[in-house]
Amino acid sequence: MLKNAIHFVKRFTRSLSFKISFYAGLVIFLALLVFSYKTISSQESSFIKKTVKDSVKDSEVIKAAIGNGMMTKERGVIREIINAIGMTEGFREINIYDQKGILYYSTKQIKSPVPINLSNDPLLYDLKTNSHVRHKISDDGSVITVVNPLLNIPSCSASACHAHPEIEKILGAVELKIGLSNIRQEISRNSHKTIAFAIALFLVICTMSGAAVLLFVNPAVKNLQEKTSKMAKGEYEPHGQTVGKDEMADLTRAFDYMSLQINLRTNQLDTSRRMYKALFDEAPCYLTVIDKNFRISRANRTFNAQFGEKVNQHCFAGYKNKSSRCENCPVEKTFYDGSSHQSEEIWNIDGHESHVIVKTSPIFDEKGQIEEVLEMAIDVTLLKKLQFKIEQQRQEFQYLFENVPCYLTVVDKDFNIIRHNNFFARDFGVAEGKKCFQVYKGLEEKCDNCPVEKTFQNRAVNYSEEIWRKKGEDTYIIVYTAPVMDEKGDVTAVMEMSTNITEVKRLQGQLAILGETIAGMSHSIKNILSGLQGGVYVIDSGLTRGRDDRVKAGWTMVKHNVEKISDLVKGILYASKEREPEYQQYELGQLLTEVCDLYEAKAKDEGVQLIRDFQRRITSCLIDPGGVHSALSNLVSNAIHACRTEDTEISHHVVVYGRTERDRLIIKVSDDGVGMPEEISQNLFTKFYSTKGSKGTGLGLVITRKVILEHGGTIKVESKEGQGSVFIIELPFREVIDGGEVENESLLEFSQL
Amino acid sequence: MAKKILVIDDEPDMVTFLSTLLEDNGYEILTASDGDEGLLKVKKEKPDLVSLDLLMPNKTGIKMFRELRRDPEISAIPVVMVTGFATDDTPNMDFKKWIHERSIRPPEAYIEKPVDKDALLKEIKRILG
């Protein structure tokens, strides 16, 4: 009960309404007190002033009475007046002193004048000299003493009685003592009234203001209080419009607005907190927060799933099962310099060596000091493996690129070679930075129909077949171009792959030739068969009709065609068989003479002049005379044949030329006959080709070429249609050593050619 | 009276064979070894039929044929073209086509070497009636 009461009082005294009303009342109460004090003291001084004034008046009356009494010598009157006045309320004493301080008259019943020692009296010690009216309040404030000096007026000095000499200015003094107790009482009464009023006012104000606070402030405050506590619990939802126009309503509205803002911010904070939490937990890497003692203070789910619950353990223990700190610790570095650090480490995770990238960043407290360090560890083993694989593949590709047996170049938009492979460098030298057309073909401008340019335009694989002429030799090339694209799909360069297909082309040509050879051969055989058939018929006919001439003619036909077929077979055998030349010491001039002699008659028959442009005896050399003879015979025979034109008026020439030039034998057979179109001269030595109809086998030049090649020589033809042809043979000059015998070694060498 | 046939071929073997064959079958034979000679004999002898080898020196068979057809005096004489060339592998020698593209009357018959006796005789009989 008492406790409750004390509690209530405590609560009450702490309450705002108590404080407001108490202090407001107190202030007013004190103000009132100060005011009353001031009023009372001024009232007091004005009372005293009035008393003094009245006393002076009274003393003047007494003075007049004294003067009058003195003049009339009726001293009793003076006493009566004094007594009469002294009877008035308030008067305590009236004393009249002469200049020597002898008390002559007093309300105190004195019988005769009494000398009084006034030297210590504050008002009367200078009685003889002080001509001013003066007063003094007694120390206890109960009595006021007024002294009015008796001045020597002319009536006094001039009267006949005992005239006071003029020199005496002051004759004596009237002293009035008036009690102040009445006034004091009055003032004290007033004071009590004032205090009572002040207390009453204080109580009224206390009550009023307390009530006002209770009525107007407390409910609003309580309301806000409730809202605040609700808000603190997160339950407050501001709703509705606060009515009212006073400051409390404004305050409530401001509060609602504030709480709305707080709610909003809190939600935002909460959302981002949740997000970061999720991010932290679900990040596909190990995330830990490490404190200054290298202990794990937080770890994300990924970490926990892999390493287990390791909070409060040392990071080196948690991550690596180690008992001491790691060397080169990025966490330590971050604690030291406050910046992020990274290291690549090899960890043992699940018994496997794992490549891990560790990154650390500082976490600052509100003072900007590093509180903890966030450690992020990413397992990049897979990446490393892929990297390794990629590197391996890159090396493989590099190897392929460098060693693939075709020319690979990467060319930019301006046809500059950016890269090329070793195979390319082998044949063209290092050519990076040079123009592709320059390097490949020695051209000054880009090639017509350039596949690189096409690929830059159509972003697709293109190809072209090209012929490179180098040192008089044709090389057939197939060029493929493929775009090299960047990640946006723009073609940044073009890869050019050139494959030498000369051999393929040659085989292709040979295949075609083989086909033609077979066709030509069957044609030849057909001709021969037809001759045989005819011969057989003619013999039959001769036998049946008994005509010997026909039998003879038929038989000649048969023999002739049998010879032809035998020649053909021999030719085919010769052309198709691998054989070594049968080298003998022979004079080239001799050989050429023999061939010319053989065709001299035929040339004359055809109206062709056979010109021998060689010396009959030129250097002896090693040669297969049989082979070379037949080869040259073919050429001369063909040359004479080529001169058989319709126009018999013009005489034709066949020139047989022979020289030795340094280490070579040069033989030329030229004519000014019909010549050949290019398509014929190109395949002349490989094609089964005859211009002689059924008389030729078509094998002549095939055999000729074979013989020359077997000697290690070359044969080529230059021909113009309508102007003639020239066949040029170059044979290596094989010298005869020691009278005709050949060194075994060199013979061996030759045979290998 | 026996019909006159002119055999023109640059190969003596062929001439011997064809003239023997045709003689045996009752024709009178004349021979020539090239185009020039052949043309002269046609004009002189006015044979009933000409057997003409396609490829010959001194005027090929084609040239001679063209001249023969352009000469109104002899253009009516029927011609049997004898050729050793199959046409498949030698497109330049696709003379049949070549001849047919010209505005002249084509040969009355073609015979390929080796000559099929019966076919030749049959063609000649057909032409001479």
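Cut-offs applied
Residues numbered from 1 in each chain as written. Chains lettered and ligands numbered in written order. Predicted model: local features only at pLDDT ≥ 70, side-chain atom pairs only at ≥ 80, totals over all residues. Heavy atoms only, no water. Helix = DSSP H or I, 4+ residues; strand = E, 2+ residues; numbered from the N terminus. Buried < 20%, exposed > 50% of the residue type's maximum accessible area, 1.4 Å probe, protein only. Contact = heavy atoms within 4.5 Å. Areas by Shrake-Rupley, 256 points an atom, 1.4 Å probe, with all protein chains shown as cover. Rg over C-alpha atoms; globule rule 2.2 N^0.38 Å. Lys, Arg positive; Asp, Glu negative; His and termini not counted. Charge placed at Lys NZ, Arg CZ, Asp CG, Glu CD. Pairing = 2+ DSSP bridges. Axes fitted to C-alpha atoms, helices over the stretch in contact; angles between N-to-C directions. Phe/Tyr/Trp six-rings, centres within 6.5 Å; stacked < 30°, edge-to-face > 60°. Lys NZ or Arg CZ within 6 Å of the ring centre and 35° of its normal. Salt bridge = Lys/Arg side-chain N within 4 Å of Asp/Glu carboxyl O. Buried area = accessible area lost by both parts, 1.4 Å probe. Nonpolar A, V, L, I, M, F, W, Y, C, P; charged D, E, K, R; others polar. Polar contact = N/O pair within 3.5 Å; in protein donor to acceptor, adjacent residues only side chain to side chain. Parallel < 35°, antiparallel > 145°, perpendicular 65-115°, else oblique. Left-handed = near helix turned anticlockwise from the far one by under 90°. Core = buried A, V, L, I, M, F, W, Y, C linked by side-chain atoms within 4.5 Å. Patch = residues over 30% accessible without salt bridge, like charges linked within 9 Å, V, L, I, M, F, W, Y side chains within 5 Å.

K.L.:
Mind showing me how you'd approach the overall build of chain B here?
P.N.:
If you tally the helices and strands in chain B, you get five helices and five strands. Burial analysis of chain B (129 residues in total) assigns 50% to the buried set. Long-range pairs, those at least 24 residues apart, make up 68% of the contacts in chain B between residues at least 6 apart in sequence. Of the accessible surface of chain B, which amounts to about 6100 Å², a share of 50% is contributed by carbon and sulfur atoms.

K.L.:
Would you explain the overall build of chain A in this entry?
P.N.:
Of the regular secondary structure elements, chain A holds 20 helices and 23 strands. Relative to a compact globule of 753 residues, whose C-alpha radius of gyration would be 27 Å, chain A shows 77 Å and is clearly more extended. Its C-alpha atoms put chain A at 240 × 75 × 60 Å along the principal axes. Expressed as a percentage of its 753 residues, the buried residues of chain A come to 38%. In chain A, the proportion of contacts linking residues at least 24 apart, taken out of those at least 6 apart, comes to 54%. Accessible surface, chain A: about 45700 Å² in total, of which carbon and sulfur atoms supply 56%. Treating the 94 positive side-chain charges of chain A as one cloud and the 98 negative ones as another, the clouds have centres 14 Å apart.

K.L.:
What am I meant to see in the sheet that holds strand S10 (residues 352-364) of chain A here?
P.N.:
Across a sheet, paired strands are connected by hydrogen bonds in the backbone, their directions being either parallel or antiparallel. Residues and elements named next belong to chain A. Pairing within the open sheet is antiparallel, and its five strands lie in the order S8-S7-S11-S10-S9. Two strands bound the open sheet, and with one partner strand each, they are strand S8 (296-299) and strand S9 (341-349). Each strand of the sheet is rotated relative to its neighbour by a mean of 30 degrees, with strand direction disregarded. One ladder, built from nine bridges, connects S9 with S10; its direction is antiparallel. Looking across to S10, one finds that His341 is bridged to Thr360. Contacts from helix H9 (residues 330-337) reach strand S7 (286-290), S9, S10 and strand S11 (370-379), with the element oriented near 145 degrees to S11.

K.L.:
Whenever I open this one, the packing of aromatic side chains confuses me. Can you help?
P.N.:
For any pair of aromatic rings, geometry is given as the distance between the ring centres together with the angle between the planes. Residues and elements named next belong to chain A. Applying the stated criterion across every chain yields a total of 20 aromatic pairs over all chains. On the basis of an interplanar angle of 75 degrees and a centroid distance of 5.5 Å, the ring pair of Phe307 and Tyr319 is categorised as edge-to-face. In this pair, Phe307 is assigned in helix H7 (residues 301-307) and Tyr319 in helix H8 (residues 315-320), connecting sequence segments 12 residues apart. For Phe307, a relative accessible area of 14% puts it in the buried group. Over the face of the ring belonging to Phe401 we find Arg419, whose NZ or CZ atom lies 4.6 Å from the ring centre. When the ring centre of Tyr657 is taken as origin, the NZ or CZ atom of Lys668, which lies over that ring, is 4.9 Å away.

K.L.:
What am I meant to see in the pattern of salt bridges here?
P.N.:
Two side chains that carry opposite charge are able to pair once their charged atoms sit near each other. The final tally for this structure, using the stated rule, is 39 salt bridges over all chains. Residue Lys136 of chain A pairs with Asp139 of chain A through a salt bridge whose shortest N-O separation is 3.9 Å. The exposure class of Lys136 of chain A is partly exposed, given its relative accessible area of 31%. The class for Asp139 of chain A is exposed, based on a relative accessible area of 78%. Two residues, Asp24 of chain B and Arg550 of chain A, come together in a salt bridge whose shortest N-O distance is 2.4 Å.

K.L.:
Whenever I open this one, the interface of chain A and chain B confuses me. Can you help?
P.N.:
Bring the parts together and some accessible area is lost; that lost area is often taken as the interface size. On the side of chain B, 21 residues touch chain A, which itself brings 22 residues to the contact. Taking both sides of the interface into account, the surface hidden between chain A and chain B amounts to around 1900 Å²; carbon and sulfur atoms contribute 51%. Going through the elements one at a time, helix H14 (502-545) and helix H15 (548-576) of chain A are the ones with two or more residues in the side of chain A that touches chain B. When its residues are assigned to classes, the side of chain A that touches chain B shows five nonpolar, nine polar and eight charged.

K.L.:
Would you take a moment to explain the side chain of Thr409 of chain A for this structure?
P.N.:
Residues and elements named next belong to chain A. Note that Thr409 resides in strand S12 (residues 407-411). Within the local environment of Thr409, its side chain forms a polar contact with the side chain of Tyr440, the two groups lying 3.3 Å apart. With residues near it in sequence (within four places) discarded, Thr409 still touches Ile417, Arg419, His420, Phe424, Tyr440, Val494, Met495 and Glu496.

K.L.:
Where do I start with the packing of helix H17 (residues 625-642) of chain A against helix H19 (residues 700-710) of chain A in this structure?
P.N.:
Two quantities define a packed helix pair, namely the angle between the helix axes and the distance between the axes. All names here are of chain A. Relative to each other, H17 and H19 sit at 140 degrees, their axes nearing to 9 Å. Accordingly, the angle class assigned to the pair H17 and H19 is oblique. Pair H17 / H19 crosses with left-handed handedness. Between H17 and H19, the residues in contact are Gly627, Val628, Ala631, Asn634, Leu635 and Asn638 and Gly700, Leu701, Thr704 and Val707, respectively. Residues of the contact of H17 with H19, tallied by class, amount to five nonpolar, five polar and no charged.

K.L.:
What is the right way to read the nonpolar core from this model?
P.N.:
Here is a general trend for soluble globular proteins: nonpolar side chains tend to be buried in one another's company. With 43 residues, the main nonpolar core has Ile623, Leu632, Leu635, Val636, Val654, Phe727 and Ile729 of chain A as its most contacted residues. If near-sequence neighbours (up to four positions away) are discounted, Phe727 of chain A is found in contact with Leu635, Ile667, Lys668, Val669, Met676, Leu684, Phe685, Leu701, Ile715, Lys716 and Val717 of chain A.

K.L.:
I keep staring at a nonpolar patch on the surface and nothing clicks. Help me out?
P.N.:
Among the surface-exposed residues, Phe8, Val9 and Phe12 of chain A lie close enough to one another that they form a single nonpolar patch of about 320 Å² accessible area. In this fold, Phe12 of chain A is placed in helix H1 (residues 2-14).

K.L.:
Is there a simple way to think about unusual backbone geometry in this case?
P.N.:
In terms of backbone geometry, most residues other than glycine have negative phi values and most peptide bonds are trans. Residues and elements named next belong to chain A. Non-glycine residue Asn328 carries a positive phi angle of around 55 degrees. For Asn328, the location among the structural elements is in the loop between H8 and H9. Overall, Asn328 belongs to the exposed group, its relative accessible area being 55%. Backbone geometry places Phe415, a non-glycine residue, at a positive phi of 65 degrees. Structurally, the position occupied by Phe415 is in the loop between S12 and strand S13 (417-420). Overall, Phe415 belongs to the buried group, its relative accessible area being 12%.

K.L.:
Would you mind going over the sheet that holds strand S1 (residues 4-8) of chain B with me for this structure?
P.N.:
Residues and elements named next belong to chain B. Taken in spatial order, the five strands make up an open sheet running S2-S1-S3-S4-S5, and their pairing is parallel. Among the strands making up the open sheet, the edge pair consists of strand S2 (28-32) and strand S5 (109-112). Neighbour-to-neighbour, the strand axes of this sheet turn through a mean angle of 20 degrees, independent of strand direction. Note: strand S3 (residues 49-53) against strand S4 (residues 79-83), four bridges, orientation parallel. The residue of S4 that forms the bridge with Val50 is Val79. Sheet strands in contact with helix H5 (residues 117-128) are S1, S3, S4 and S5, and its direction is about 170 degrees off that of S5.

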